[in-house]
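Tertiary structure, described
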Amino acid sequence: MTPTDPQPTTDRRAERTTKVVDLASSSVRELNQALHESSSTGGESSAVEWVITNPQGEHAIACGLTEPVHVRIEGHVGYYCAGMNQRAHVEVRGNAGVGLAENMMSGRVDVSGDASQSAGATGHGGLLVINGNAAARCGISMKGIDIVVGGNVGHMSAFMAQAGRLVICGDAGDALGDSLYEAHLYVRGTVKSLGADCVAKPMRAHHHTELADLLSRAAMAYSTAEFTRYGSARSLYNFHVDNAY
Amino acid sequence: MTSANTDSGTASSGLRESATFDRATIHEIQRAAETGVYDIRGWGAKRAVPHFDDLLLLGASMSRYPLEGYRERCDTDVVLGDRHAKFPLHLQIPVTIAGMSFGALSAQAKEALGRGASEVGTSTTTGDGGMTAEERGQSKHLVYQYLPSRYGMNPDDLRRADAIEIVLGQGAKPGGGGMLLGQKITERVAGMRTLPVGVDQRSACRHPDWTGPDDLEIKIRELREITDWEKPIYVKVGATRTYFDVALAVKSGADVVVVDGMQGGTAATQEVFIEHVGIPTLAAIPQAVQALQELGMHRKVQLIVSGGVRNGADLAKCLALGADAVSIGTAALIALGDNSPRFAEEYRALGSEAGFYDDYQDGRDPAGITTQDPELSARLDPVLGGRRLANLLRVMTMEAQTLARACGKAHVHNLEPEDLVALTIEAAAMARVPLAGTSWIPGRPSRDGDRW
């Protein structure tokens, strides 16, 4: 594919080479192929910043990346942006659709606006920062990812979450942490209701440390003292008739 | 196990077993009253439902011209996933190994499946819990299941796979998730699934990041993007509303549709689910084929059928009804040595018998197949197991070739519904082939004269 700016420019502040791809004239397939090929060459990939313009809500933008490239998307994206990310830093300057950074393995994804449902679903690692609100099922089945949401999350967030941390700086909707395993949930605001087997737990020193680190990395200026921790009561860990739902 | 009332010592003494409250039913009521928990087990449906044995093939005599057995060529290869993928699978035989998880099965069993399948040029499939080095290493063609739980889901494994199977349902439990009990969640299994050791592993019943066919279409596109449109994408459904599910799978962009009938196996789920949800495999195939034909996609989107397929006759009948290939699970495990009389005494010690053992969830399988116990699983020699599976696959293929030649076919895919009749009205109605000796397909007007 041919980026719309065929002459790479140098960002003097970051000492990075910038490649611009305009999705008004290039397809997502062409973009992803170029990103994958760029990743496969390795070496200097981290020195390249990709700028994606006119994303127009397209799906699967910048998914399947494997190297520490920086991809900045100027506008709103559709489903599965940065899906299965590995090592890359994807920045969305806009809102994101369903399944943002789903199954992320490592790296970082930042969204300046809001995210639709299932953000960070089944993620194994890395950091997802949503500056706005996230819709339902944020962090569903998370398996090690860290998610920080500046605003509120919708119902059934962290459903069946197994590992990782979900930080909610606003309020949580219904059934937070339903069928939770070992993930840590931190909520600054109110929780409309807790899901099955999810309970409030005391904040110990290491939880304050863990939360402070996440807030710092996400550039969220809140005191850890404002948060309540939620976790699994572990009563559903082994099936028994007396605790069946 | 249901016993007839003619057993020695019962009928002869005038005792009559109730057809409603037979001994298996009485036992289950007693067990439920005692434990307060429904029965969880492995295997598939054990009840009798219309099955491939209710169909017969019409060999050639005068009106059809047969091919010479052992001499004239009857091909068996199949290409799967040539609709969109850069690299479709070209298999030598139309029998594949169905998805079975590491966790449900031992690493030795997974390796044996890979060895056996590769020896005869066909594929094996991962399962819930991710891809193991053993199966990737031994499988020439490996299909990677993309499941609701996403346990062990890793994009590197997607790229290492030869095809991707999005699992929406399983024949043994359409609409249900899994329940692998904690005793099988060893350190390795737990590590792959990001769960604490010994905790019951609940597999979700629905995918976490899409909710319907429109979403699935976008999900499929994402998977294609991540793998640069190289891998065929299968969509697997448990047989229920098969016509609609297949049509929507095609609409969503599937390269291959897998339909798993109610006789399909499982490692662990509720007995009530296994026996009472879904439709027989026989009934599902014509629905799937109808959907594909009406969309003009029959043979373009390939159809794999599974659920109780046991031998070459079942294979031939599935192909005649319009499938492109079949998958076997339970039959493959039996080939490896599951329920072998060799372990009769140990099965008895577990309260079962060779031929009846289905407590896969307990993880104490004497044959070393459905267990994570290192001592038990070491009993299965993957090389020998692989050879036994390859033998079964060869026999199934040769049997189907024999039947196809008798019907005058130079490729097993040339078998057609006209080569079939049914023994029972139920099977005739479900398979949509005539009752033997008549031209009557229940639900359709009889042909004039009724001369065939």
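Throughout this document, residue positions are counted from 1 along each chain, in the order its sequence is written. Starting at A for chains and at 1 for ligands, labels are handed out in the order in which the entities are written. Only residues with pLDDT of 70 or above have their local features reported here, since the model is predicted, and side-chain atom pairs are shown and tallied only from 80 upward, although totals for entire chains, interfaces and linings are computed over all residues. To obtain the side-chain values, all non-hydrogen atoms of the structure were used and water was disregarded.

Chain B goes by FMN-binding glutamate synthase family protein in an unreviewed UniProt entry, where it is assigned to Jatrophihabitans telluris.

1. As for the overall build of chain A
As a reminder, the rule being used: Numbering of helices and strands runs from the N terminus, with a helix taken as a DSSP run of H or I at least four residues long and a strand as a DSSP run of E at least two residues long. For the exposure calls, accessible area comes from a 1.4 Å probe over protein chains only, and a residue counts as buried if that area is under 20% of its type's maximum, exposed if over 50%, partly exposed in between. By definition, residues are in contact when any of their heavy atoms lie within 4.5 Å.
Regarding its fold elements, chain A presents 2 helices and 12 strands. Listed N to C, the secondary structure of chain A is β-β-α-β-β-β-β-β-β-β-β-β-α-β in terms of helices and strands. Counting across all 245 residues of chain A, residues that qualify as buried make up 60%. Long-range pairs, those at least 24 residues apart, make up 27% of the contacts in chain A with a sequence separation of at least 6.

2. As for the UniProt feature "domain: Glutamate synthase" (unreviewed entry) in chain B
We count it as follows: UniProt positions are given in the numbering used here, feature names are shortened, and annotations may be inferred rather than shown by experiment.
In this numbering, the UniProt entry assigns the feature "domain: Glutamate synthase" (unreviewed entry) to residues 85-337 of chain B. Its end C-alpha atoms 36 Å apart, residues 85-337 of chain B is made of 37% helix and 20% strand.

3. Brief notes about the pattern of salt bridges
The condition that has to hold: Criterion for a salt bridge: a side-chain nitrogen of Lys or Arg within 4 Å of a carboxyl oxygen of Asp or Glu.
Applying the stated rule across the entire model yields 49 salt bridges over all chains. Put simply, Glu134(B) and Arg188(B) hold a salt bridge, and the shortest N to O gap is 2.9 Å. With Glu134(B) in helix H3 (residues 133-138) and Arg188(B) in helix H5 (residues 187-193), the pair connects residues that are 54 residues apart, well separated along the chain. Accessibility expressed as a relative area gives 22% for Glu134(B), which makes it partly exposed. Because the salt bridges share partners, they merge into one network encompassing Glu49(A), Arg72(A), Glu74(A), Glu91(A) and Arg93(A).

4. Quick notes on the interface of chain B and chain A
Size of an interface: often given as the accessible area lost when the parts come together. The cut-off we apply is this: What gets called buried area is simply the loss in accessible area from a 1.4 Å probe that two parts show on being joined, summed for both.
Between chain B and chain A, the contact holds 43 residues from the first and 40 residues from the second. Here chain B meets chain A over a buried area of about 3300 Å², counting both sides, of which 55% is carbon and sulfur. The largest contributions to the chain B side of the interface with chain A come from Arg202(B), Pro208(B) and Glu225(B), which together make up 19% of the buried area. The interface formed by chain B and chain A holds 4 salt bridges in total.

5. Some points on the confidence of the model for chain B
The following threshold applies: Per residue, pLDDT captures the predictor's confidence, and it can take any value from 0 to 100.
Per-residue pLDDT for chain B has a mean of 93; in total, 96% of the residues score no lower than 70. Under a pLDDT of 50 for its full length, residues 1-5 of chain B has, in the predicted model, 12 contacts with residues more than four places off or in other chains.

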